[in-house]
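Structure assessment
These are the residues of each chain, in order.
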Amino acid sequence: MIITDSCVGCTRCIPYCPSGAIAIGKDKKAHIDRYKCIECAVCFNIANCPVNAIVLEKLEWPRTVREVFATVYKEHKETNVPGRGTEEMKTNDVTGRFRLGEIGFSIDMGRPGVGLDLKDAEKLTMALAKLGVEFEPLNPLTFLMSDKKTGKLRDDVLGERIHSCIPEFKIKEDKFPEVFEALQKVSKEINTVFSLGLCVKVNPDGSVPIFKYLDQHKIFYRPNGKTNVGIGKPAAKF
Amino acid sequence: MTHTLHRSGTVESLSIDYPILVIAAQGINSKNSAPQFRKALEILLKHNPVNIGDMKTGNYFRKGLKPVLLSTKENSIIHSVFTNRKDLEECLKELRDAQLGPSVVVSGMLAEVWDSLKKIGLKPHSLNISLGVWGKTSLLPEQSILDITTMCGHHCVSPLLVKKMVSDIKRDKISIEEAARELAKPCVCGVFNPLRAEQLLEDLIRK
């Protein structure tokens, strides 16, 4: 994003920026901090600049990474899915991606609203890769890995700041304590936040085994969540 | 894409917040699904939603109803937000009976959603739960702001905009209802709940 010289310094755009990247400069015009800007285009699309001073910049690699992880309606070329993750459990009634006895992890890095440097995403993916975790091949972050076995990201994207990304993988239930511990450790080493989500298939009797483990170990989980109601067709066999 | 999972707030506040999402599995039932998404939108609209949108087009508050309804695609992901269980249940019944193909996901208080599913003869198939926010939480804005901004899971609603709206309401520049609608605009998908936002803004103004 760029704010051109036609800016009249009205400050209208400033509160719309989710990254707090816009400020008034000494010249009394609005300026965008290039490091903080995650190319989400909220200022361009929503703020209604009275003089149309905000323009979309033609981005070049690796800055294009910011745009693709921030612009909601743009689908990723490799998955045809818009957003920053995959279909995960939302289509599990049709895909059968998560089976009984498996736990899917979706780690919303940078959320809520903090953003992250991709080098922090790499810290987390490399810590998890040491446990033998296999990252979801269709996840957009996995496409930025130069080595999926080690979780190493491409060197040329490590200087980029993005709105969020969602490392995704699934494990067998018995591996949960090990992965949980690794996430606790890496959470102290990163300069951002993540919102942690788990995906599971509900047992035919309505029980959810992971709840028992979380309750026994006094691990916090929210009372609200997402439920796939199982009416997608054709239904996957379980 | 766990963007309606991590909505924060009190149990009371979350009890007027039920987003529904309709999505096809790419490569399995996505082909020729655009008309099915339109039918799903028509069903959602019949049950008093407070927001509606398509991740590929935008939300009602920014785009208006017609563009959302007429622009469905094979990789659309459509959303709607309901504020009570009766509307949610009636809507889910109709979606079930329509046998459209794409998957349907409901967000909200799990005990309440599961009770509603039981009432209408549906069973939870798969579940996505939130273990909260980890890492350097000192970087987060205050919880009362997060309760509003987390209603846009992609975090396109800025904490600064919430503060601006509170300030504008206090100075009588804008009504609470107008402020809630303004906050709903950046949330492309249409999962922001403006009715809940009005209540949360009222709490912020009283502070």
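Conventions we followed
Residues numbered from 1 in each chain as written. Chains lettered and ligands numbered in written order. Predicted model: local features only at pLDDT ≥ 70, side-chain atom pairs only at ≥ 80, totals over all residues. Domains from an automatic or database assignment. Contact = placed C-beta atoms within 7 Å. Nonpolar A, V, L, I, M, F, W, Y, C, P; charged D, E, K, R; others polar. Axes fitted to C-alpha atoms, helices over the stretch in contact; angles between N-to-C directions. Helix = DSSP H or I, 4+ residues; strand = E, 2+ residues; numbered from the N terminus. Parallel < 35°, antiparallel > 145°, perpendicular 65-115°, else oblique. Left-handed = near helix turned anticlockwise from the far one by under 90°. Pairing = 2+ DSSP bridges. Expected span 1.5 Å × (residues − 1). Buried ≥ 20, exposed ≤ 12 C-beta atoms within 10 Å, placed from the backbone. Arc of directions from axis to C-beta.

Bringing the domain arrangement of chain B into the picture now. All names here are of chain B. Taken domain by domain, chain B consists of domain 1 (11–119) and domain 2 (137–206). In this structure, domain 1 and domain 2 have C-alpha centres spaced 22 Å apart. Taken together, the contacts link 17 residues of domain 1 with 16 residues of domain 2. Tallied by class, residues from the side of domain 1 that touches domain 2 come to eight nonpolar, seven polar and two charged.

Right, let's get into the packing of helix α9 (residues 176–184) of chain B against helix α10 (residues 194–206) of chain B. Residues and elements named next belong to chain B. Close contact between α9 and α10 brings their axes to 9 Å; oriented N to C, the two are set at 125°. Judged by the inter-axis angle, α9 sits oblique to α10. Crossing handedness for the pair α9 and α10: right-handed. Contacts between α9 and α10 involve I176, E177, A179, A180, R181, L183 and A184 on the former and, on the latter, P194, A197, E198, L201 and E202. The residue makeup of the contact of α9 with α10, split by class, is eight nonpolar, no polar and four charged.

Further remarks concern the interface of chain B and chain A. Counting residues at the interface gives 69 residues for chain B and 72 residues for chain A. Taken together, the elements giving at least two residues each to the side of chain B that touches chain A come down to α1 (11–14), β1 (18–23), α5 (85–98), β5 (103–109), α6 (110–119), β6 (126–135), α7 (143–149) and α8 (159–170) of chain B. Residues belonging to the side of chain B that touches chain A are distributed by class as follows: 39 nonpolar, 23 polar and seven charged. Pairing between strand β12 (residues 224–228) of chain A and β5(B): five bridges, direction antiparallel. Residue pairing in the sheet places K226(A) in a bridge with S107(B) of β5(B).

Residues and elements named next belong to chain B. Its 14 residues give α5 an end-to-end C-alpha distance of 20 Å, which sits within 8% of 20 Å, the value for a rise of 1.5 Å per residue. All buried positions along α5 are accounted for by L88, E89, C91, L92 and L95. Viewed along the axis of α5, the buried residues span an arc of 165°, placing them on a single side of the element. Exposed residues lying more than 90 degrees from the buried face of α5 are K86 and D97. Looking at the buried side of α5, the elements it contacts are β1, α2 (34–45), β4 (77–82), β5 and α6.

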